[in-house]
Amino acid sequence: MFFNKKLKIRTRFAPSPTGFLHVGGLRTALYAYVLAEQNKGDFLLRIEDTDQSREVEGAVDNLLKSLKWAGLEAKEGVIIDNDDKIAEKGNFGPYTQSKRLEIYQKYAKVLVDSGRAYYCFCTSERLESLKNDQKSAGQATHYDKHCLSLTKEDIKAKLDNEEKYVIRFKVPEKQEVVFNDVVRGEIKFNTADIDDQIIIKSDGFPTYHLASVVDDYLMKINYIIRGEEWLSSTPKHVLLYEAFNWPVPQFAHLPLLLNLDKSKLSKRQGDVAVEDYRDQGYLPEALVNFVALLGWNPGTEQEIFSLDELIKLFDVKKIHKAGAVFNRDKLDWFNSEYIKKLSSTEFKVLARPYLEKNITKISADLNLEKLFEIEQQRINKLSEIGNDLSFIFTDNLAYSVADLVWKKSTPELTLKNLELLIGELEGYSQSNWRADSLEKNIIKFIAESGLKNGDVLWPMRFALTGQVKSPTPFEVADILGQEKSLDRLRQAIDKLK
Ligand code: GLU
């Protein structure tokens, strides 16, 4: 293994622009970013768009913006520039594979010339019937190296004749491929199980295997972090490195992300796109913290980590082998913790658009400060703001008179107490109409009048909210303001009469 500590670590995140940034991709990017940062190395972003049929318009922009939102921007490779445009930066570009086709052609040719790859002119009909024959003979399907026996003259004639071809990598027969994975240790594959891979397709584009090996080599990537789904590709890559006589990088294959039922994480059981979490009002720090712990932990009780702390504590050798369950309740917990940690101003700025979306009519006389204060302590995600407080924004509360009466009381007593309470509240100054002073003064008034707390506070809270569960009557009165509160208390009295 060529990797040694003296080398400057260079990692990469190499998404294909087929849609959105998957939460699994976010974790891959995070680990690669953190590993580079903690070693004062480089983290670059490469776009792997050689399968043009799978490309989705706007996907690159979307990927980059999601990464930026998460705070994981690469300084090299494909980036978003100051004008919010997609750009490339760095000495090893272009960093978009579709702009590197000549490079792959050149290296494929190197392999052909050294006898490690060959032209294959087999038609799809031939390949199809080969596959069927192998299937009916109960064999594993594989290419039969038919074109390997073509002579130089045959090949030249076919090329001159402009016959369609692919270039295949000549996989050595019955050889053991061994490589080291930081997560899984020594991995062995036998080449008997590896087909002669296509490295250049008939449209002239490289396949993933060739493009990724050539790029990782030319871009001096020496530490490859990617999902476990790529593990079976790695022996093919190792063989390519060897065929080129290039040093093999260090690999780390990250454990699968799982649904709660231990099946592979899927959209059917909830969101998987980073942008969906962003839109619902998850904070980037919370999502990053959460995914950091999917497959790794520092071995202590600590669960809350800033990106800086992750950079200090992350240990690539402690990544787990077993699949990591993507528990959305746990993510909600992280998010609520991060929401609580925001300053009240930050919270307001972030939460306001969600409130305006949830509540169509917000009257100007409400004390939203108090509402934000309560909600900051309560919600798991910003999109939940105001959801349980719709009574604040409705003018006519629907509840039955019986609900106004405390369980140990009577309608008559309730009516009397509410009248006394209104008399008291009318005397309060607007500037004192704050939850804390309301609480102090009302409790004092109840005691001095020889009343019982429940007998005043229950009907007060119910008259203000029409709800069995709500914030305290003082907090609600604070949000509603003096006029609206008195109004609702008077409406309750009307109902009781
Ligand atoms: N383009 C591959 C993907 O979309 C990258 C695999 C790798 O990291 O080698 O995940």
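This one's a predicted model, so the numbers in the text were calculated from it and none came from an experiment.

Now for the overall build of the protein. Regarding its fold elements, the protein presents 19 helices and 13 strands. On C-alpha atoms alone, the protein measures out to a radius of gyration of 33 Å, which is more than a quarter above the 23 Å that the 2.2 N^0.38 rule sets for 497 residues. Summarising its shape, the C-alpha atoms of the protein cover approximately 110 × 50 × 40 Å along the three principal directions. Split into buried and exposed, the 497 residues of the protein put 49% on the buried side. Taking as baseline every contact in the protein between residues at least 6 positions apart, the subset at least 24 positions apart corresponds to 73%. For the protein, the exposed area adds up to about 24,400 Å²; of that, 49% sits on carbon and sulfur atoms.

Moving on to the environment of Leu21. Structurally, the position occupied by Leu21 is in the loop between strand S1 (10–13) and helix H1 (23–38). With 42 residues separating them along the chain, Leu21 and Leu63 place their C-alpha atoms 5.3 Å apart. Look past the residues within four positions of Leu21 in its chain and what remains in contact with it is Phe13, Leu26, Leu63, Ser66, Leu67, Val272, Ala273 and Val274.

So, about the site of the ligand. As a structural note, the neighbourhood of the ligand is formed by Arg12, Ala14, Pro15, Ser16, Glu48, Tyr208, Arg226 and Trp230. At 2.8 Å, a backbone N or O of Ala14 approaches a nitrogen atom of the ligand. The separation between an oxygen atom of the ligand and a polar side-chain atom of Tyr208 is 2.6 Å. The protein chains hide 83% of the 290 Å² of surface that the ligand would expose on its own. Here the shell around the ligand is composed, by residue class, of four nonpolar, one polar and three charged.

What counts and how
- Residues numbered from 1 in each chain as written.
- Predicted model: local features only at pLDDT ≥ 70, side-chain atom pairs only at ≥ 80, totals over all residues.
- Heavy atoms only, no water.
- Helix = DSSP H or I, 4+ residues; strand = E, 2+ residues; numbered from the N terminus.
- Rg over C-alpha atoms; globule rule 2.2 N^0.38 Å.
- Buried < 20%, exposed > 50% of the residue type's maximum accessible area, 1.4 Å probe, protein only.
- Contact = heavy atoms within 4.5 Å.
- Areas by Shrake-Rupley, 256 points an atom, 1.4 Å probe, with all protein chains shown as cover.
- Near = heavy atom within 4 Å.
- Polar contact = N/O pair within 3.5 Å; in protein donor to acceptor, adjacent residues only side chain to side chain.
- Nonpolar A, V, L, I, M, F, W, Y, C, P; charged D, E, K, R; others polar.

Geometric values such as these leave the question of function open.
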